Amino acid sequence: MLTVHEVSNLTGVSVRTLHHYDAIGLLVPAAVSDAGYRLYDEASLARLQDILLFRELEFPLKEIKSILDKPGFDRQKALTQQAALLTIRKERLEQLIAFAQALAQEGNDNMNFSAFDETKLKQYEEQAKKTWGETDAYKEYAQKSAQTTKADQKQLAQQMMQLMADFGAMKTRSPADLEVQEKVRHLQDFITANYYTCTKPVLSGLGQMYVAGGEMTENIDAAGGAGTGTFIAAAIREYCR
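Notes on the structure follow. (Residues numbered from 1 in each chain as written. Predicted model: local features only at pLDDT ≥ 70, side-chain atom pairs only at ≥ 80, totals over all residues. Heavy atoms only, no water.)

**Section: helix α2 (residues 15–23)**
For step 1, the next point in the chain: All buried positions along α2 are accounted for by Val-15, Leu-18, His-20, Tyr-21 and Asp-22.
For step 2, the next point in the chain: Each element contacted by the buried residues of α2 is listed here: α1 (4–11), β3 (38–40), α3 (42–56), α4 (61–69) and α10 (200–210).
For step 3, the next point in the chain: Gly-25 sits one or two positions beyond α2 and adopts a positive phi of about 80 degrees. (Buried < 20%, exposed > 50% of the residue type's maximum accessible area, 1.4 Å probe, protein only. Helix = DSSP H or I, 4+ residues; strand = E, 2+ residues; numbered from the N terminus. Contact = heavy atoms within 4.5 Å.)

**A few points about the pattern of salt bridges**
Side chains that differ in sign of charge can pair as their charged atoms come close.
For step 1, the next point in the chain: In total, this model carries ten salt bridges according to the counting rule given.
For step 2, the next point in the chain: Between Lys-183 and Asp-166 there is a salt bridge, with its nearest N and O atoms 3.3 Å apart. In this pair, Lys-183 sits in helix α9 (residues 178–194) while Asp-166 sits in helix α8 (residues 150–168), placing the two residues 17 residues apart along the sequence.
For step 3, the next point in the chain: Overall, the relative accessible area of 24% leaves Asp-166 in the partly exposed class.
For step 4, the next point in the chain: Put simply, Arg-47, Lys-65 and Asp-69 are held in one network by salt bridges that share partners. (Salt bridge = Lys/Arg side-chain N within 4 Å of Asp/Glu carboxyl O.)

**Some words on the nonpolar core**
For step 1, the next point in the chain: Membership of the largest hydrophobic core comes to 44 residues, with the highest contact counts inside it found for Leu-18, Ile-64, Met-160, Leu-187, Ile-191, Leu-206 and Tyr-210.
For step 2, the next point in the chain: Ignoring sequence-local partners within four residues, the contact set of Ile-191 consists of Met-160, Tyr-196, Cys-198, Leu-206 and Tyr-210. (Core = buried A, V, L, I, M, F, W, Y, C linked by side-chain atoms within 4.5 Å.)

**Some details on the packing of aromatic side chains**
For step 1, the next point in the chain: Tallied over the entire structure, the rule returns two aromatic pairs.
For step 2, the next point in the chain: Taking the ring centre of Tyr-196 as reference, the NZ or CZ of Lys-62 above it sits at 4.5 Å.
For step 3, the next point in the chain: The ring of Tyr-239 carries the charged tip of Lys-200 above its face, separated from the ring centre by 5.0 Å. (Phe/Tyr/Trp six-rings, centres within 6.5 Å; stacked < 30°, edge-to-face > 60°. Lys NZ or Arg CZ within 6 Å of the ring centre and 35° of its normal.)

**Details of a negative patch on the surface**
For step 1, the next point in the chain: A cluster of acidic side chains, namely Glu-56, Glu-58, Glu-215 and Glu-218, defines a negative patch on the protein surface.
For step 2, the next point in the chain: On the secondary structure map, Glu-215 appears in helix α11 (residues 215–224). (Patch = residues over 30% accessible without salt bridge, like charges linked within 9 Å, V, L, I, M, F, W, Y side chains within 5 Å. Areas by Shrake-Rupley, 256 points an atom, 1.4 Å probe, with all protein chains shown as cover. Lys, Arg positive; Asp, Glu negative; His and termini not counted. Charge placed at Lys NZ, Arg CZ, Asp CG, Glu CD.)

**Quick notes on the sheet that holds strand β1 (residues 2–3)**
For step 1, the next point in the chain: Strand order in the open sheet formed by three strands is β1-β3-β2, and the pairing between neighbours is antiparallel. Edge positions in the open sheet fall to β1 and β2 (31–32), since each of these has one partner strand only. (Pairing = 2+ DSSP bridges.)

**Looking at the side chain of Gln-188**
For step 1, the next point in the chain: Relative to the elements of secondary structure, Gln-188 occurs in helix α9.
For step 2, the next point in the chain: Residue Gln-188 is classed as buried on the basis of its relative accessible area of 10%.
For step 3, the next point in the chain: Ignoring any residue separated from it by four or fewer positions in sequence, one finds Gln-188 in contact with Cys-198, Thr-199, Lys-200, Leu-203 and Tyr-239.

**Structural notes on the environment of Asn-219**
For step 1, the next point in the chain: Relative to the helices and strands, Asn-219 resides in helix α11.
For step 2, the next point in the chain: Taking the C-alpha atoms as reference points, Asn-219 and Met-164, separated by 55 residues in sequence, lie 9.1 Å from one another.

The structure is reproduced here in structure tokens:
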């Protein structure tokens, strides 16, 4: 058995992230010592490997949990598909590196845009997600996404960031403030209308992700100012209480 600090040192995953994974039920320790320390066994480490591979492929944490908890999850098949998808990404990255080097030598005379073609990558991603992404949330998200254009999706993303900016403007208030709580309800309704059914448990999980650090927290704080992710998480906790 390894402690959370030993797992962090072994894997490079921060202790804070491991605590977050435990909090949302994504990676629950195999045991807890008498002193209250989280303990991880080989099965825990194998699951962490699965999580990190899916994260590398940009799967949301909630979706990863649903996939890994699915009774029929075939780890070997998933690993094979993950390796193939990562190989495609590697090949594309090598093409982009070669293109950038050629562009540096040739200047603007090189008008070849083939290195930016994501067709193969997208096709394989769709194939893989059909295998992995059989959760209700993913099916609902996929169905709604199929009905929207790229312009619509961009507009939705802008509207989401505007919501984050609205929260940022309220940071001086209490998370329990009536207008703040109304804004949380609006966020929940927006997600349900445009992405997937956002129940209170789902919203609570999102709140934890907003404050977990990384790119999501950075984007939220960029929209609403430093501390916005933390404020939204507190407001969501109050709303879901």
